[in-house]
Amino acid sequence: MDTLQTIHDGKLTPFASGLRGRFLRTMPIMIGGVPKDELIGQGKAVRELSTYAESMMRHKLFTTLAEPEQTILIDLCPADLGFTDPNNLPTTTELFDPKRLAEWSAANLDGYAIELCPAEVGPHLAIQYKDQPKSEVLWIAMERIPDSDGSPSVFGVGRNGSGRLWLFDDWALPGSRWSLGSRLVFRLPKMSSALAA
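Below: a short report on this structure. Model, not experiment: these values are computed from the prediction. (Residues numbered from 1 in each chain as written. Predicted model: local features only at pLDDT ≥ 70, side-chain atom pairs only at ≥ 80, totals over all residues. Heavy atoms only, no water.)

A look at unusual backbone geometry
- The phi angle at serine 135 is positive, at roughly 70 degrees, despite the residue not being glycine.
- For serine 135, a relative accessible area of 57% translates into the label exposed. (Buried < 20%, exposed > 50% of the residue type's maximum accessible area, 1.4 Å probe, protein only.)

Shown next, in the form of structure tokens:
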């Protein structure tokens, strides 16, 4: 109940159970249980929603879970994930590669693994993250969804320097390159004992 109250209040508190090193910025949020059209309305009630982000939410590939569930997100940048060469920035394909994410998780996390988020994480995070710091942008590491131009895109959850909150998108082509300091959120599920063995 404390977690649900915190989410309702828009204050995402850290969750650090079982994590090693400096990878400690994690956020519990609730996803699912909200039909697509209703989720769009909830998003517009608390943030500016770009037309491209809305077109992604209306796309047939954008789905929502029927029942609500809590999910843990972890905030990482490409440099955290081992990409260090400023002259050879990681591509979307490299950054979102499931095999590489699993290998990184095994080397850096105890009993957890990072993976791509369901697309609905973007709008739900935008709605629940009411106390987002100014000038922060979090990109959702997710399976890309075409926007109204047909370009494969991911959601961005941001707050500009004047305090305006918004949910937008940006292209994430397979060869698009990401700066080493880009902030991305991944889903952080606890590994089952079968997977961990």
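Moving on from the model shown.
So, the packing of aromatic side chains
- Following the criterion strictly, the structure yields five aromatic pairs and no others.
- Geometrically, the ring pair formed by phenylalanine 62 and phenylalanine 155 is edge-to-face, given 6.1 Å between the ring centres and 85 degrees between the ring planes. One end of the pair, phenylalanine 62, is in the loop between α3 (51-58) and β3 (69-76); the other, phenylalanine 155, is in strand β6 (residues 152-159), with 93 residues separating them in the sequence. Grouping residues by exposure puts phenylalanine 62 and phenylalanine 155 together as buried.
- Their ring planes at 85 degrees and their centres at 6.3 Å tell us that tryptophan 139 and tryptophan 178 sit as a pair that is edge-to-face. Of the two residues, tryptophan 139 is situated in strand β4 (residues 137-140) and tryptophan 178 in the loop between β7 (165-171) and β8 (184-187); the sequence distance between them amounts to 39 residues.
- Its relative accessible area of 15% is what places tryptophan 139 among the buried residues.
- Taken together, the ring pairs in this structure connect Phe96, Trp139, Trp166, Phe168 and Trp178 into an aromatic cluster. (Phe/Tyr/Trp six-rings, centres within 6.5 Å; stacked < 30°, edge-to-face > 60°. Helix = DSSP H or I, 4+ residues; strand = E, 2+ residues; numbered from the N terminus.)

Section: the pattern of salt bridges
- Enumeration according to the criterion identifies nine salt bridges in this entry.
- Ionic pairing is found between arginine 25 and glutamate 136, a salt bridge with its closest N-O pair at 3.4 Å. Of the two residues, arginine 25 sits in the loop between α1 (2-8) and β1 (26-31) while glutamate 136 sits in the loop between α6 (121-128) and β4, which places them 111 residues apart along the sequence.
- Its relative accessible area of 29% is what places arginine 25 among the partly exposed residues.
- Among the ionic pairs, arginine 187 bridges to glutamate 115, the shortest N-O distance being 2.9 Å. Placement of arginine 187 in strand β8 and of glutamate 115 in the loop between α5 (98-108) and α6 is noted, with a sequence separation of 72 residues between them.
- Through salt bridges with shared partners, a single network forms among Arg25, Asp75, Glu136 and Arg183. (Salt bridge = Lys/Arg side-chain N within 4 Å of Asp/Glu carboxyl O.)

Regarding the nonpolar core
- Ranked by size, the top nonpolar core spans 51 residues in total, and within it Ile114, Leu125, Ile140, Phe155 and Phe186 carry the most contacts.
- Apart from the residues within four sequence positions on either side, phenylalanine 186 is in contact with Ile72, Leu73, Ile74, Leu76, Leu81, Leu95, Leu101, Ile114, Glu115, Leu116, Cys117 and Ala141. (Core = buried A, V, L, I, M, F, W, Y, C linked by side-chain atoms within 4.5 Å. Contact = heavy atoms within 4.5 Å.)

Observations concerning the environment of tryptophan 166
- Inspection of the secondary structure assignment puts tryptophan 166 in strand β7.
- In sequence terms tryptophan 166 and proline 123 are 43 residues apart; their C-alpha atoms lie 10.0 Å from each other.
- In this structure, tryptophan 166 is in contact with Arg47, Glu48, Val137, Gly156, Val157, Gly158, Arg159 and Asn160, ignoring residues within four places of it in sequence.

Details of the pairing of β4
- Strand direction decides the pairing type here: β4 and β6, joined by three bridges, are antiparallel. The residue of β6 that forms the bridge with tryptophan 139 is glycine 156.
- Relative to β8, β4 runs parallel, the two being bridged by two bridges. When the sheet's bridge partners are listed, isoleucine 140 is paired in β8 with valine 185. (Pairing = 2+ DSSP bridges.)

Regarding the side chain of serine 153
- Position of serine 153 relative to the elements: it lies in strand β6.
- Under the relative-accessibility criterion, serine 153 is labelled buried at 0%.
- At 2.9 Å, the side chain of serine 153 forms a polar contact with the backbone oxygen of serine 151.
- Polar contacts involving the side chain of serine 153 include one to the side chain of aspartate 169, which spans 3.1 Å.
- Not counting residues within four places of it along the chain, the set of residues in contact with serine 153 comprises Met56, Met142, Arg144, Ile145, Asp147, Asp169, Asp170, Trp171 and Ala172. (Polar contact = N/O pair within 3.5 Å; in protein donor to acceptor, adjacent residues only side chain to side chain.)

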